[in-house]
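# Secondary and tertiary structure notes
So you can see what is in the structure, the chains are spelled out below.
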Amino acid sequence: MVKRGTVNRMKKKTNRRRKKFSVVLKDINVLLTELALFENLVNATIIFLGFYLIFSFFNIHFIFSVIPALVYLTVYSIITIKTSKEDVVESKHDPLREKLRTAADNVDDVSPILEELEYEVTKEMKNVGLSLFINPKTLSYKIFIATVLSFLIMFSTTLNVKFPSFNLKKGPDIFYDN
């Protein structure tokens, strides 16, 4: 017969593991959301700079270049927040395939098998590095593109490059007789 104190200690140990696994899941969600939002912000910056450059040639106010960037940032941020972070981790780290998703789906259930699975997943998550989710080559290219666009904007505004035939502020007046 098992003593009452032993059962209570086992329950406390199980609760600590559950809390630890819940913290791991929360950390995964927060970290991957932050990384995706950062990538979306970099992409939105490139979109803003690209539209700013194009609109500066046609003498369109720069505020209109904010609109496509904000639309992109909003849409892709919503998509990012709704994606399953467990799937992303599993796709980048093969030893966690199916394990993380199963453990996350059954986080509220109590069973010795699930406890062992949560322990395995928590142990394996220590081998998952942040570098798996960041592609430095792509990020470097994006930062380079943003830098080039910034310099192009500075040079075009310094040289006052405009396309007067496409000037939208001084469009043809249909009520004007020559």
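Residues numbered from 1 in each chain as written. Predicted model: local features only at pLDDT ≥ 70, side-chain atom pairs only at ≥ 80, totals over all residues. Heavy atoms only, no water.

### Quick notes on the nonpolar core
Threshold: What makes a nonpolar core is a set of buried Ala, Val, Leu, Ile, Met, Phe, Trp, Tyr and Cys residues whose side-chain atoms join them at distances within 4.5 Å. Think of it in three bands: with a 1.4 Å probe and only protein chains considered, a residue is buried below 20% of the maximum accessible area for its type, exposed above 50%, and partly exposed in between. In DSSP terms, a helix is any run of H or I states spanning at least four residues, a strand is any run of E spanning at least two, and both are numbered starting from the N terminus. Contact definition: two residues touch when any of their heavy atoms are within 4.5 Å.
One finds Phe-21, Ile-28, Val-89, Leu-100, Val-121 and Met-125 to be the most contacted residues of the largest nonpolar core, which totals 18 residues. The set of elements that each furnish at least two residues to this core consists of α1 (4-57), α4 (99-105) and α5 (112-125). Counting residues per element, this core draws most heavily on α1, which supplies six residues. For Leu-100, the residues in contact, after removing those within four places along its chain, are Phe-21, Leu-25, Ile-28, Glu-86, Val-89, Glu-90 and Val-121. Core analysis: the next-biggest nonpolar cluster, separate from the first, contains seven residues, Leu-49, Leu-53, Ala-146 and Leu-149 among them.

### Section: helix α2 (residues 66-82)
Keep this limit in mind: The span you would expect from a helix comes to 1.5 Å times its residue count less one. An arc is given here, and it is the one of the directions from the helix axis to the C-beta atoms.
Over its 17 residues, α2 runs 24 Å from end to end, which matches the ideal 24 Å to within 8%, given 1.5 Å per residue. Inspection of α2 places Ala-69, Tyr-72, Ser-77 and Thr-80 among the buried residues, and these make up the whole buried set. Buried residues of α2, viewed axially, fall in a sector of 120°; they line one side.

### Overview of a nonpolar patch on the surface
The line we're drawing: Patches here are clusters of residues that have more than 30% relative accessible area and form no salt bridge, with a 9 Å joining cutoff for like charges and a 5 Å cutoff for nonpolar side chains (Val, Leu, Ile, Met, Phe, Trp, Tyr). Residue burial considers only the protein chains on display, and all accessible areas are found by Shrake-Rupley using a 1.4 Å probe. We count a salt bridge whenever a side-chain nitrogen from Lys or Arg sits within 4 Å of a carboxyl oxygen from Asp or Glu.
A cluster of nonpolar side chains, namely Phe-64, Ile-67, Val-71, Val-75, Tyr-76 and Ile-79, defines an oily patch on the protein surface of about 550 Å² accessible area. Tracing the chain through its elements places Ile-79 in helix α2. According to the relative accessible area criterion, Ile-79 is partly exposed, its value standing at 44%.

### Quick look at the packing of aromatic side chains
The relative placement of two aromatic rings is captured by the distance of their centres and the angle of their planes. For clarity, the threshold we go by: What counts as a ring pair is set by centres within 6.5 Å for rings of Phe, Tyr and Trp (its six-membered ring), and what kind of pair is set by the plane angle: stacked under 30 degrees, edge-to-face over 60, tilted for all other angles.
Following the criterion strictly, the structure yields five aromatic pairs and no others. Here a set of aromatic residues connected by ring pairs shows up, and it is made of Phe-48, Tyr-52 and Phe-62.

### Some remarks on unusual backbone geometry
A positive phi angle, close to 60°, is found at Asn-59, a residue other than glycine. Tracing the backbone shows Asn-59 in the loop between α1 and α2. Given a relative accessible area of 28%, Asn-59 falls into the partly exposed group.

### As for α5
Every α-helix carries 3.6 residues per turn, so stepping three or four residues along brings you back to the same face. Put simply, the rule reads: By the criterion applied in these results, polar contacts are pairs of N or O atoms within 3.5 Å in which, for protein atoms, one can donate a hydrogen and the other can accept it, and in which residues neighboring in sequence qualify only through two side-chain atoms.
Here α5 is 14 residues long and its end C-alpha atoms lie 20 Å apart, about the 20 Å a rise of 1.5 Å per residue gives. Buried within α5 we find Leu-114, Glu-115, Leu-117, Glu-118, Val-121, Thr-122 and Met-125. Taken end-on, α5 shows its buried residues confined to a sector of 160°, consistent with a single buried face. Every exposed residue of α5 that faces more than 90 degrees away from the buried side is listed here: Pro-112, Ile-113 and Lys-123. The distance from a side-chain oxygen at the start of α5 to the backbone nitrogen of Ile-113 is 3.2 Å, and the residue carrying that oxygen is Ser-111.

Just distances and angles here, no functional claims.
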